[in-house]
Amino acid sequence: MNIRLFAPYLGEDEINEIRDAFNRSWVGLGEKVNKFEIDFSDFIGCRRSIAVNSATAGLHLAVSVFSFKEGKKVLVPDITFASTAFAPIYNRLNPVFVDVNNDDITMSIEDLENKYDKDCVAIIPVHYGGQPAKMELIIEFAKQKNLKVIEDCAHTVGTEYKGVKLGLWGDIGVFSFEEKKAMTTGDGGMICSNDEELIKVLIPRRWLGIDKDTWKSSFDYINPNSYNTRHWYYDINDLGFKYNMNDLAAAVGIVQLKRLSWMNSVRSKRIKEYLQVFSRLKHIKPLLPFNPDENSYWLFGVRCEKRDELILHLKTNGIATGVHYYPLNMLKYFREWYSPCPIAEKAWESFVTLPLHVHLTSEEIEYISEKLVSFEKEYF
Ligand SMILES: *Cc1c(COP(=O)(O)O)cnc(C)c1O
C-alpha cells in the first residue's frame, strides 16, 4: 500500500487546453487568463476575479489595496498556513494571532474581541479545511469596529455559507490553486471582489502597475491598417508586482473549474465513507464537525491523544499523514508577534490529517479505516 495524502486530478482536457495555448504561441498573461477570470467570476458570482500566481501573492495584494498605515494590526487565526500572517507583514503591518474554536478550528469570536484594540484595521478569517468561519459574526464585529475583511479561501472553492458564497462575505476573497488544493493550476490564485474601487487598483498592481492590458494591444503592433506609432505605450501610476497568472496555468484552471463541482462531490462522498468508522472507534475522533452535504472540505483528519503513535502506525501501513497546522504563534519567525492562543496551542497536538483526494478509492478508505480500528485495539 502507498496512499498519498493529497493528489491533483488532471487529465486529457487540461492537456488539450494547454496545447491550444501552445498552438497560439501565447503562454504569458493573455486570453486564457482573461477567460479563466470571467469563468471564475460567473462561478462565484462576483463582479471581478483577478488571477495571480499564488494565493500568497493574492493575499499580499489584497491587504495592500487598503493602504493601511504602517504598524497597524491585522487579526489572523493562529491555525492556518503562514501566508495568512505573511500578508500583513509584507505590508509592514503586524499580525495578531487569534485563537480558534476547539470544535471547528476557525477563528474564535470571543478571542477576536479579546485581541482587538484600536490599532486593528482588518481581519483575515480562514475557512479551515473547508469548514466555514463564522462569517455572520465576523462581519458584524468588523462593521462595529470599522475593520476590513479579507477571506482566505485557500481551503475551499464554491461552497455557500448561510446563502452567501465563501469569498463574497468580506471586501475581498482570495483562493489558492496550489497543487494540493481543491482545484489546481500548478501554482496560482484568484482575488475576487465586488468593490469597483478595489478592483481598479488590484488589476494593474498584479502586472507591475501597467495601466493597460498589454496582451490586448499586441495585435496592433503588426496591424498594417493602423497608423498609431504609440501602440507600445503605457503608463505606470503605482508600485506594481509581477504577480500575474500566465496562460499555461490559466489553461489548466479553465478545465479544473469545470471539474470542480464533481471533484467537490467526490471528496464529500469519501468523507461520508470515512465518517462511518467512528461508530467503531472510541479514542480517535473526527478533526472537524464534518458536514459534507453542506460544505466542501479540502482536508480530512482525526484527533487522537496518541497522535505520534498513530502517525507511525499509519506510516508503517503505507498511509501518508500530515499535521495541519503547527500554530503560527509557536513558529520561530513569528515570535515577536506572540500572543497566547491556549486552545490552538493544545488542540494541534492531537491533529492527524488523513488522505483525501479525488483519486482515493472507497477500498482505500476501507483500508485506512481498518488501520484506525487496529490502532485502537493495539494502543488503548
Ligand atoms: C495554501 C494556503 C495559502 C497559500 O496558497 P498559495 O497559492 O500556495 O500561495 C494561503 N492560505 C492558506 C490557509 C493556505 O492553506
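Conventions used here
- Residues numbered from 1 in each chain as written.
- Predicted model: local features only at pLDDT ≥ 70, side-chain atom pairs only at ≥ 80, totals over all residues.
- Heavy atoms only, no water.
- Helix = DSSP H or I, 4+ residues; strand = E, 2+ residues; numbered from the N terminus.
- Buried < 20%, exposed > 50% of the residue type's maximum accessible area, 1.4 Å probe, protein only.
- Polar contact = N/O pair within 3.5 Å; in protein donor to acceptor, adjacent residues only side chain to side chain.
- Contact = heavy atoms within 4.5 Å.
- Pairing = 2+ DSSP bridges.
- Axes fitted to C-alpha atoms, helices over the stretch in contact; angles between N-to-C directions.
- Phe/Tyr/Trp six-rings, centres within 6.5 Å; stacked < 30°, edge-to-face > 60°.
- Lys NZ or Arg CZ within 6 Å of the ring centre and 35° of its normal.

**Some words on the side chain of T159**
Relative to the elements of secondary structure, T159 occurs in the loop between β5 (148-152) and β6 (160-161). Under the relative-accessibility criterion, T159 is labelled buried at 3%. Among the polar contacts listed, one links the side chain of T159 to the side chain of T156, at a separation of 3.1 Å. Among the polar contacts listed, one links the side chain of T159 to the side chain of S296, at a separation of 3.1 Å. Excluding residues within four positions of it along the chain, T159 makes contact with V164, K165, L166, E294, N295 and S296.

**Things to note about the sheet that holds strand β11 (residues 300-303)**
Taken in spatial order, the 3 strands of this open sheet run β10-β11-β12, and their pairing is antiparallel. Every interior strand has two partners, whereas the edge strands, β10 (285-286) and β12 (351-354), have only one. As defined by bridge partners, β10 adjoins β11 across 2 bridges and the pair is classed as antiparallel. For K285, the partnering residue across the bridge sits in β11 and is R303. With respect to the sheet, helix α10 (residues 307-316) is in contact with β11 and β12, its orientation differing from that of β12 by roughly 25 degrees.

**What to know about the packing of aromatic side chains**
Tallied over the full model, the rule gives 27 aromatic pairs. Seen in terms of ring centroids, Y161 and W169 are 5.7 Å apart; in terms of plane orientation they differ by 50 degrees. Their pairing is tilted. For the pair shown, Y161 and W169 are each scored as buried. Cluster of aromatic residues (ring-pair linked, three or more members): F86, Y90, F97, Y333, F334 and W337. Seen from the ring of F81, K181 lies directly overhead, with NZ or CZ sitting 6.0 Å from the centre. One Lys or Arg, K181, reaches over the ring of W298 and ends 5.6 Å from the middle of that ring.

**Here we look at the environment of L61**
Within the fold, L61 resides in helix α3 (residues 55-64). Separated by 130 residues in sequence, L61 and I191 have C-alpha atoms that sit 8.8 Å apart. When near neighbours in sequence (up to four residues on either side) are disregarded, L61 contacts V52, I191, L202, R205, R206, F241 and Y243.

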